[in-house]
Amino acid sequence: MTSRWRSLCQRGELSLVGLRETLLGGQSFSWSAESENQWTGVIEQSIVQLRWVDGNLKWKSSGPNPIGEDRLRHYLWLEDTYESAVDALPWRSDPCLCRAIQNFPGLRILRQPIDETLLVFLLSSAKSIPQIKKLREKIHYLLGDHLGMNQYAFPGWKKLQSLSEMNARNLGLGYRAKYLVGTAEIIGPNPNFLDDLLSLSYLEAKNKLMELPGVGPKVADCVLLFGGEKQEAFPIDTWILQSLQKQYGMKDWKISQMDEFARIHFGTHAGLAQQFLFSYQRHFDKEKRQRRTKV
């Protein structure tokens, strides 16, 4: 157990606004804010606490299998490859992307376990971030191991097989219950199904994922970007649709055309560009609504 606070990165590697958006902005539903500069989350069998102090990131871990520093740095993408990925994006010639990067410096893509990522994005359809978190917590509480601090681990797809569609609906999953149960019936007996995706190309992995109940192009891209380290993935949700239509003039474009444009224009790190644009559009729209309310 890492019971004392230890330094994870020094000033300059991250920013508070970028870190906060990375943890709470919709990539993961495992993190909660304890204050403006402290967060608690679950990574596999570990409880992880992060604290922003004077421009430095501190951490400690507990639980049955406390996380090590190398694993945590990889999870948060605190590696040299991040800077080269940002540098490779076309922000020099793309003012929309440039503004987004300037507003969320240090925003990263989390490297989450793909099995957990699939679960939460199966639950995500037509749900807000707080609603998805509540559904996740109910499932983890019902079937997952207790880690301490009122935190529960992801139960695994084999355990999720025990959940009937009626029980899933009683948890508040609605029509998503059949997707969860159907997916568990496929993955539970085939524990290598998701791990095998990691060795496939992006398009091969996406097509394979879309064989699962309830997994369409957007959910598949979210799973591969946030849980499969496939940075070519460019999930097109409501916020990205607005960004591409309003900022890039794609009002009459089809989703398939937008997807092709994104992966050509933004390149091999299109998913990182997506997250910058997603966060900028979401916060820009929120601020605009707040200004209208005040007027």
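As a reminder, the structure under discussion sits directly above these lines.
The following paragraphs examine the structure supplied in this document. (Residues numbered from 1 in each chain as written. Predicted model: local features only at pLDDT ≥ 70, side-chain atom pairs only at ≥ 80, totals over all residues. Heavy atoms only, no water.)

With nine of eleven residues buried, helix α12 (residues 217–227) lies mostly within the body of the structure. One or two steps after α12, the chain reaches Glu-229, where phi turns positive at roughly 55°. (Buried < 20%, exposed > 50% of the residue type's maximum accessible area, 1.4 Å probe, protein only. Helix = DSSP H or I, 4+ residues; strand = E, 2+ residues; numbered from the N terminus.)

Within strand β3 (residues 38–43), six of the six residues are buried, which leaves it mostly tucked inside the rest of the structure. Across the two faces of β3 the burial is the same, with Gln-38, Thr-40 and Val-42 and Trp-39, Gly-41 and Ile-43 all buried. Examined bridge by bridge, strand β2 (residues 31–35) and β3 share four bridges and lie antiparallel to one another. Bridge pairing in β3 places Ala-33 opposite Trp-39. If you look at the hairpin formed by β2 and β3, you'll find two residues sitting between the two strands. (Pairing = 2+ DSSP bridges.)

The full count for this structure, using the stated rule, is eleven salt bridges. Across the pair Arg-111 and Glu-79 runs a salt bridge whose closest N-O atoms are separated by 2.9 Å. Highlighted residues: Arg-111 in the loop between α4 (95–103) and α5 (114–122) and Glu-79 in the loop between α2 (69–75) and α3 (80–88), separated in sequence by 32 residues. The class for Glu-79 is partly exposed, based on a relative accessible area of 28%. (Salt bridge = Lys/Arg side-chain N within 4 Å of Asp/Glu carboxyl O.)

A few words on the state of the cysteines. Inspection of the entire model under this criterion finds zero disulfides. Not part of a disulfide, Cys-96 finds its nearest cysteine sulfur in Cys-98, a span of 9.9 Å. Using a relative accessible area of 11% as the deciding quantity, one classes Cys-96 as buried. (Disulfide = S-S within 2.5 Å.)

Let's shift gears to the packing of α5 against α12. Angle between the axes and distance between the axes: these two values describe a pair of packed helices. For the pair α5 and α12, interaxial distance at closest approach is 9 Å and the crossing angle is 145°. Crossing angle aside, the handedness with which α5 passes α12 is right-handed. Counted together, Ile-114, Thr-117, Leu-118, Phe-121 and Leu-122 of α5 and Val-219, Cys-222, Val-223, Phe-226 and Gly-227 of α12 form the full contact between these two elements. Taken together, the residues of the contact of α5 with α12 break down into eight nonpolar, two polar and no charged. (Axes fitted to C-alpha atoms, helices over the stretch in contact; angles between N-to-C directions. Left-handed = near helix turned anticlockwise from the far one by under 90°. Contact = heavy atoms within 4.5 Å. Nonpolar A, V, L, I, M, F, W, Y, C, P; charged D, E, K, R; others polar.)

Locating Lys-127 in the fold gives a position in the loop between α5 and α6 (129–143). Setting aside chain neighbours within four positions, we find Lys-127 in contact with Ile-132, Leu-135, Gly-172 and Arg-176.

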